[in-house]
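Listed below are the residues making up each chain.
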Amino acid sequence: MPKQPEPSAAPEASAQVTAAEISRLAGVTRATVSNWRRRHADFPSPVGGTDSSPLYDLAEVRTWLAGRGHTEKVLPLEELRTLLRLSAHGSSTAARLLPFVLAERQRPDLFNAADVLPDGDVAARAQALVHELSAPPQSRFHFDDVTYKASDASLLRAVLRCIDARQTQDAVNVLAERELEDEAVSGAYATPGPLADLMARLLGAAAPQSPYPRRVFDPACGSGALLAAAARQGARHLHGQDLVPVQARRSLIHLGLDAPESSADIRADDSLRADAFADLTADGVLCNPPYGDRDWGHDELAYDPRWAYGVPPRGDSELAWVQHALAHVTPGAFAVVLLPPAVATRSLSRRIRAELIRAGALRAVVSLPSGTAPPLHIGLHVWILQRPELVAPDHQSVLCVEGSALAGSESTSGPRTARTPAGSKMPGRDGVAAATWDALSEGVLRYWTSYVTDPIGFTDVPGQARAVPVVDLLDDLVDVTPARNIRTTAATADPVAIAEHVVRLRRELASAADALAVAAGQGDWPAAGTEARHWRTATLADLTRGGALTLHRAGPPSPRERDAAPPAEFADRPVLSGGDLATGQRAVADPETPLPHTTTIVAEGDVLLAEIRSDSGTRARVADEQDSGAVIGRGVRLIRPDPTRLDPWFLAGFLAAEDNLNSATVGTSSLNIDPSRLRVPLLPLEEQRRYGEAFRRLHTLRQVARQVTELATLTPKALADGLTSGTLLPPPNDSGGTTPI
């Protein structure tokens with residue numbers, strides 16, 4: 001029989017918190033908490049810690065704050081992290097809480113009144129619900145031995161608050177990360193959502209005339225991001241394996257939340273040494289394997305039948321994963337694998353690369369810009385492989401795509417809606433658009449689809465994509481790095497066209513430099529006096545309560561809304577994301593961009609604030625006529641001020657101040673801004689407008705400076721490429737002739 005939860009008659013002390021954590025809980029400064037301790041005799045007494053760093057009972061603190069009318073400001077995820085940290089058995093507790101996240105989705109009505117239920121009842125309901133979960137018998141995960149005590153109620157409630165805040169998957173990540181702290185894992189990195197979607201779409205585009213692969217396998221599934229992306233594209237049978245049990249469990253929960261219509265079979269074991277799916281031949285493989293693992297089993301696996309293209313060297317575990325992936329797909333099916341760039345060049349593995357090319361197994365290599373996926377300091381490669389068929393066509397080339405060129409410039413091979421800098425009336429120019437995942441994904445998919453449909457008829461695009469002949473790759477190095485194999489200038493480039501392009505860039509640079517000089521030289525900026533000004537301030541939370549402004553954000557659908565279409569009023573509207581705001585871009589009406597279920601339509605005069613803290617880029621700006629009618633996406637907070645009480649540019653300028661953002665930043669791995677903590681000076685409206693005009697000028701100066709920087713990078717490059725490709729000559733010397741070489 002399953003174990004019963006301990007009765008609620010034996011309550012245990014709640015978690016203990018420091019003064020700093022109380023300040024975050026109440027949304028005040030630490031000095032305010034110190035004042036409360038001195039001035040209020042009923043403030044909770046310390047229950048532990050030291051004189052210099054006392055600890056307080058969390059339940060008593062919450063009761064005291066509620067009695068004083070202080071609404072808790074802590075983010076649900078931060079509360080969950082804090083409680084896990086304070087738990088005596090944080091790692092094992094996190095492991096027990098993971099299945100509860102999935103179980104709650106099946107019966108959310110059981111916890112509608114969790115805050116008022118006795119602790120024992122919350123634990124009993126959670127335990128009973130988890131015991132109803134089922135997992136594939138081969139997965140080694142069983143939920144009937146999971147138990148919850150009354151002392152777990154605060155953590156269970158914290159998980160429920162995350163779910164209510166539509167942060168279910170984030171809660172799973174927090175729990176898994178806490179459990180991973182006790183695991184010695186190196187060389188394994190999470191796959192970002194946009195990259196997982198790109199890899200899943202590449203797998204489907206490999207056979208554009210066929211349905212999406214129904215059976216997809218990930219032998220290093222990690223958090224399950226790649227399998228979830230495949231499910232969104234149409235995969236219905238998901239198989240995964242991971243060496244770390246917590247990662248396999250996390251993947252199973254992730255898929256249960258995001259892909260409930262698909263079956264999931266996730267195993268925990270070493271994929272190379274103990275293949276749990278030895279008999280599986282899937283319709284497709286997606287994989288982001290661990291990098292640089294010298295202890296992958298070289299000696300004991302030396303005669304493994306999977307090494308059809310050669311035994312991988314001890315120092316090249318990545319090519320062991322490549323061959324493992326190929327061994328698990330049906331003949332003619334594809335595998336998409338994320339690899340470090342060194343795999344394309346290592347001399348020890350050139351024979352294996354050569355065999356992959358000769359057999360027609362390596363079909364494409366795509367380089368990604370650095371920073372798109374961890375490790376962020378290098379640009380990773382996506383390899384697209386195909387298991388050869390018994391009677392297979394003779395592949396004469398391998399597609400190479402330079403992703404950094406696609407992300408940094410607009411493609412010229414097809415029309416697309418250009419992103420234009422916010423605050424600028426000019427359309428985007430070739431080479432000046434900011435790097436975006438939209439541009440990268442669109443370009444890579446377009447080139448791959450065109451190539452796989454007609455490899456012989458594929459048209460090379462200088463600097464971006466080339467169908468590299470096999471004979472060119474099978475040299476002494478067998479280097480398949482895209483940058484090495486893609487020409488930056490077409491062999492038949494028109495020198496006159498190149499010269500005209502360069503003249504246009506130089507004129508634009510000169511014009512932008514003149515505009516920068518004008519923007520930088522406008523007006524005098526006098527000193528405030530012998531001392532800096534000081535003023536009373538109010539938080540955005542205070543101003544919201546006073547009706548001076550309203551705060552809005554976009555959010556994912558709740559479990560009940562997941563299968564419903566977004567409201568009709570949001571249909572066909574461009575979506576402004578946090579990335580657009582940070583890079584100074586406009587919203588784009590892209591049918592591939594999902595519309596949020598909960599969002600707000602932008603109006604002229606709204607203040608747009610990026611939710612994620614960034615050291616560069618726009619942090620806040622005022623929406624203008626071109627922004628009007630768009631909807632805000634993830635990563636954007638919209639602040640709608642009452643124009644009779646607050647000037648928008650005054651508000652945007654002070655909200656983006658460095659000290660202001662420092663005081664309102666929460667989180668560790670990603671720095672989120674809590675707008676309710678941001679402070680604004682209390683000034684008369686007329687004085688606000690003076691400051692607002694100054695901040696508007698600074699925004700214009702920032703936009704023009706960005707434009708000059710982009711053109712100053714692009715113009716010299718175009719000139720240098722023209723000179724080195726033979727399409728341009730050096731400028732005339734003083735005597736009017738050309739300088740001989």
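Within each chain, residues carry numbers counting from 1 in the order of the written sequence. For a predicted model such as this one, the threshold for reporting local features is a pLDDT of at least 70, and the threshold for listing and counting side-chain atom pairs is 80 or more; totals across whole chains, interfaces and linings nevertheless cover every residue. Derived side-chain values reflect all non-hydrogen atoms in the structure, with water molecules and hydrogen atoms excluded from consideration.

Q: How do you make sense of the overall build of the chain when you look at a structure like this?
A: A count of helices and strands for the chain gives 23 helices and 22 strands. Relative to its full complement of 741 residues, the chain shows a buried share of 48%. Long-range pairs, those at least 24 residues apart, make up 76% of the contacts in the chain between residues at least 6 apart in sequence. A run of DSSP states H or I qualifies as a helix once it reaches four residues; a run of E qualifies as a strand once it reaches two. Both are numbered from the N-terminal end. Exposed residues in this analysis have more than 50% of their type's maximum accessible area, buried residues have under 20%, and partly exposed residues fall in between, with area computed by a 1.4 Å probe over protein chains only. What makes two residues a contact is simply this: any of their non-hydrogen atoms within 4.5 Å.

Q: Mind showing me how you'd approach the pattern of salt bridges here?
A: Note on pairing: side chains with opposite charge can pair once their charged atoms come close. For salt bridges, the criterion is a side-chain nitrogen of Lys or Arg within 4 Å of an Asp or Glu carboxyl oxygen. Enumeration over the complete set of coordinates arrives at 28 salt bridges. Between Arg273 and Glu300 there is a salt bridge whose closest N-O contact spans 2.6 Å. Taken together, the positions of Arg273 in the loop between strand 6 (263–268) and strand 7 (282–287) and Glu300 in the loop between strand 7 and helix 12 (317–327) put the pair 27 residues apart, joining distant regions of the chain. For Arg273, a relative accessible area of 34% translates into the label partly exposed. When the shortest N-O distance is used, the salt bridge between Glu693 and Arg696 registers 2.5 Å.

Q: Before we go on, may I ask you to explain the sheet that holds strand 5 (residues 237–242) in this structure?
A: If you trace the 9 strands from one edge of the open sheet to the other, you get 6-5-4-7-8-10-9-11-12, paired in mixed fashion. The open sheet has two edge strands, strand 6 and strand 12 (465–469), and neither has a second partner. Neighbour-to-neighbour, the strand axes of the sheet open up by a mean angle of 15°, direction not taken into account. Two strands pair under a simple rule: DSSP has to find at least two bridges between them. Bridge count between strand 11 (residues 397–402) and strand 12: 5 bridges; the pairing is antiparallel. Within the sheet, the bridge partner assigned to Val398 lies in strand 12 and is Val468. Running over the sheet, helix 13 (residues 350–358) touches strand 9 (362–367), strand 10 (381–386) and strand 11 and is turned about 50° from strand 10. Axis lines are fitted to C-alpha atoms, over the contacting stretch for helices. Their N-to-C directions set the angle, which ranges from 0 to 180 degrees.

Q: Sorry, what's going on with the sheet that holds strand 2 (residues 48–49) here?
A: Strand pairing in a sheet takes place through backbone hydrogen bonds and is either antiparallel or parallel in direction. Spatial strand order, 1-3-2: 3 strands in an open sheet with antiparallel pairing. The sheet is open, and its two edges are formed by strand 1 (16–17) and strand 2, each paired on a single side. Here strand 2 pairs with strand 3 (residues 54–57) via 2 bridges, running antiparallel. Looking at the pairing, Gly49 lines up with Pro54 of strand 3. Sitting on the sheet, helix 3 (residues 58–67) is in contact with strand 1 and strand 3, with an inclination near 70° to strand 3.

Q: Even after reading the chapter, I still don't get the packing of helix 6 (residues 119–131) against helix 7 (residues 153–164), so can you show me in this structure?
A: Two numbers describe a pair of packed helices, the interaxial angle and the distance between the axes. Close contact between helix 6 and helix 7 brings their axes to 9 Å; oriented N to C, the two are set at 65°. When you trace helix 6 past helix 7, the crossing you get is left-handed. When helix 6 is examined against helix 7, the residues Asp119, Val122, Ala123 and Ala126 are found in contact with a partner set consisting of Ala153, Leu156 and Arg157. By the convention adopted, Pro, Cys, Tyr, Trp, Phe, Met, Ile, Leu, Val and Ala count as nonpolar, Lys, Arg, Asp and Glu as charged, and the other residues, Gly among them, as polar. Residue classes in the contact of helix 6 with helix 7 are distributed as 5 nonpolar, no polar and 2 charged. If you view the pair so one helix is near and one far, a crossing is left-handed when the near helix is turned anticlockwise from the far one by less than a right angle, and right-handed when it is turned clockwise.

Q: Can you help me understand the environment of Val146 in this one?
A: With respect to the element layout, Val146 can be found in the loop between helix 6 and helix 7. Taking the C-alpha atoms as reference, Val146 lies 9.4 Å from Ala95; in sequence the two are 51 residues apart.

Q: Whenever I open this one, the packing of helix 21 (residues 648–655) against helix 23 (residues 685–725) confuses me. Can you help?
A: The interhelical angle for the contact between helix 21 and helix 23, taken along N-to-C directions, is 65°, at an axis separation of 7 Å. Comparing the axis directions of helix 21 and helix 23 gives the class roughly perpendicular. As helix 21 runs across helix 23, the sense of the crossing is left-handed. For the pair formed by helix 21 and helix 23, the contact residues are Trp649, Phe650, Gly653 and Phe654 on the first element and Gln688, Tyr691, Gly692, Phe695, Arg696 and His699 on the second. Looking at the contact of helix 21 with helix 23 residue by residue, the class counts come to 5 nonpolar, 4 polar and 1 charged. To sort the angles, those under 35 degrees are grouped as roughly parallel, those over 145 as roughly antiparallel, those from 65 to 115 as roughly perpendicular, and the leftovers as oblique.

Q: Is there a simple way to think about the pairing of strand 9 in this case?
A: A regular strand places its side chains so that they alternate between the two faces of the sheet. By the criterion of burial, strand 9 is predominantly enclosed, with 6 of the 6 residues buried. Pairing of strand 9 with strand 10, which is carried by 5 bridges, proceeds in the antiparallel orientation. When the bridges of strand 10 are listed, Leu362 appears paired with Leu385. As paired strands, strand 9 and strand 11 are joined by 4 bridges and run parallel to one another. The residue bridging Ala364 from the neighbouring strand is Leu399, located in strand 11.

Q: Would you mind going over the side chain of Ser251 with me for this structure?
A: Mapped onto the fold, Ser251 is located in helix 11 (residues 245–258). Sequence-distant contacts of Ser251, that is, excluding residues within four places in its chain, are made with Cys221, Gly222, Ser223, Gly224, Leu227 and Ile266.

Q: Just to check I follow, could you spell out the nonpolar core for this structure?
A: Side chains that are nonpolar tend, in soluble globular proteins, to be buried together. By nonpolar core we mean a set of buried residues, namely Ala, Val, Leu, Ile, Met, Phe, Trp, Tyr and Cys, connected to one another through side-chain atoms within 4.5 Å. Core analysis: the biggest nonpolar cluster contains 103 residues, and Leu80, Phe100, Tyr148, Leu202, Leu286 and Trp448 have the highest contact counts within it. When near neighbours in sequence (up to four residues on either side) are disregarded, Phe100 contacts Phe111, Ala126, Val130, Tyr148, Leu156, Val159 and Leu160. One finds Leu272, Leu280, Val398 and Val480 within the second-largest nonpolar core, a separate group that totals 42 residues.

Q: I tried to follow unusual backbone geometry on my own but got confused; where do I start?
A: Most peptide bonds take the trans configuration, and most residues that are not glycine carry a negative phi. In the segment running from Pro374 into Pro375, the intervening peptide bond is cis, with an omega of -5°. Considering the arrangement of structural elements, one finds Pro375 in the loop between strand 9 and strand 10. Residue Val478 is not a glycine yet carries a positive backbone phi of 50°. Within the fold, Val478 resides in the loop between helix 16 (470–473) and helix 17 (482–485).

Q: Looking at this model, I keep getting lost on the packing of aromatic side chains. Mind explaining?
A: When we look at a pair of aromatic rings, we describe it by the centre distance and by the angle of the planes. Working definition: rings of Phe, Tyr and Trp (its six-membered ring) pair if their centres are within 6.5 Å, and the pair is stacked with planes under 30 degrees apart, edge-to-face with planes over 60 apart, and tilted otherwise. Summed over the entire model, instances satisfying the criterion amount to 15 aromatic pairs. Relative to Tyr148, the ring of Phe100 lies with its centre 6.3 Å away and its plane at 75°, an arrangement referred to as edge-to-face. Linking Phe100 in helix 5 (residues 90–106) with Tyr148 in the loop between helix 6 and helix 7, this pair joins segments that are 48 residues apart in sequence. The same class applies to Phe100 and to Tyr148, which are both buried. Three or more aromatic residues joined by ring pairs make a cluster, and in this case those are Phe334, Tyr447, Trp448, Tyr451 and Phe458.

Q: Where do I start with the environment of Asp624 in this structure?
A: If you trace the backbone, Asp624 turns up in the loop between strand 17 (620–622) and strand 18 (631–632). It is 4.8 Å that separates the C-alpha atoms of Asp624 and Glu604, two residues lying 20 residues apart in sequence.

Q: How should helix 10 (residues 225–233) be read in this particular structure?
A: Note that an α-helix has 3.6 residues per turn; residues three or four places apart therefore point the same way. Of all 9 residues that make up helix 10, 7 are buried, and the element is covered over most of its length. Within helix 10, the full set of buried residues consists of Ala225, Leu226, Leu227, Ala228, Ala229, Ala230 and Ala231. Where the residues of helix 10 are buried, they touch helix 9 (193–205), strand 4 (215–218), strand 5, helix 11, strand 6 and strand 7.

Q: Got a minute to help me understand the confidence of the model for the chain in this structure?
A: Detailed reading of the predicted model is not advised wherever pLDDT is low. pLDDT: the predictor's confidence for each residue, scored from 0 to 100. Averaged over all residues, the pLDDT of the chain equals 82, while 84% of them reach at least 70. Low pLDDT, under 50, characterises residues 1–13; the predicted model gives this stretch 17 contacts beyond four residues in sequence or across chains. Across residues 409–435, where pLDDT falls below 50, the model places 64 contacts with residues more than four positions away in sequence or in other chains.

Q: What is the right way to read the environment of Leu65 from this model?
A: By secondary structure assignment, the location of Leu65 is in helix 3. What Leu65 contacts, discounting residues up to four positions off in sequence, is Leu25, Ala26, Trp36 and His70.

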